[in-house]
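Descriptive analysis of the structure
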Amino acid sequence: MEFVDPVEFSVWGRVTPGKVGDFRKWISNKLNISLLAAHQLFGDVVKDGNLVEIHSECSWSKIPAMLSCIPEFIEPGSVVVATTGIYPSKKEKYCEIHNVYFRLGACTVCTDPPA
Ligand SMILES: [Zn+2]
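Here's what I pulled together on the structure shown here. (Residues numbered from 1 in each chain as written. Predicted model: local features only at pLDDT ≥ 70, side-chain atom pairs only at ≥ 80, totals over all residues.)

**Overview of the overall build of the protein chain**
We count it as follows: Secondary structure follows DSSP: runs of H or I at least 4 residues long count as helices, runs of E at least 2 residues long count as strands, and numbering of each begins at the N terminus. Exposed residues have 12 or fewer other C-beta atoms within 10 Å of their own C-beta, buried residues have 20 or more, and residues in between are partly exposed; the C-beta atoms are placed from the backbone.
Across its full length, the protein chain carries 4 helices and 5 strands. Listed by position from the N terminus, the elements making up the protein chain come as β-α-α-β-α-β-β-β-α. Structurally, the protein chain occupies a C-alpha span of about 45 × 30 × 20 Å along its principal axes. Of all 115 residues assigned to the protein chain, the portion counted as buried reaches 23%.

As structure tokens, then:
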């Protein structure tokens, strides 16, 4: 049977100030929404320096590939990984081995390493 990884991960990062226009174009393409809608939905997130979700619902094995395709408008060093569905913040648990934010129990990568 094929290995099934039930937990999915998202990659987050902060938009570099000054590259907000590039982000807006990218997110409007990704979500198939207008630039105006992108501004309305994400304007405050970006302005406040909060993280935006760059890739979502990736299995752990895909994370290295995802981390190597980070859009240019993302601030270097701001990229973090979290289980999909949670916002990576100090309120969540963090595994220093895998550099991943998670909420329940222990780090799923530690407890159930993909084959
Ligand atoms: Zn871990």
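**Points about unusual backbone geometry**
Across the chain, the bulk of peptide bonds are trans and the bulk of non-glycine residues have phi less than zero. Its identity as a non-glycine residue notwithstanding, Asn32 has a phi of 55 degrees, on the positive side. Position of Asn32 among the secondary structure elements: in the loop between helix H1 (20-31) and helix H2 (35-47). Of the residues examined, Asn32 has 7 C-beta atoms within 10 Å and is grouped as exposed. The residue Asn99 is not glycine, and still its phi comes out positive at about 50 degrees.

**Things to note about the sheet that holds strand E4 (residues 93-95)**
Quick note on the threshold: Whether two strands pair depends on DSSP finding at least two bridges between them. Axis definition: a line fit to C-alpha positions, over the contact stretch in the case of helices; interaxial angles, taken between N-to-C directions, run 0 to 180 degrees.
Sheet architecture is open: 5 strands sit in the order E2-E1-E3-E5-E4, paired in mixed fashion. With one partner strand each, in any of the chains shown, strand E2 (51-58) and E4 form the two edges of the open sheet. Across the sheet, the mean angle separating the axes of adjacent strands is 30 degrees when strand polarity is ignored. Relative to strand E5 (residues 100-102), strand E3 (residues 80-83) runs parallel, the two sharing 2 bridges. The partner of Val81 across the bridge, within E5, is Val100.

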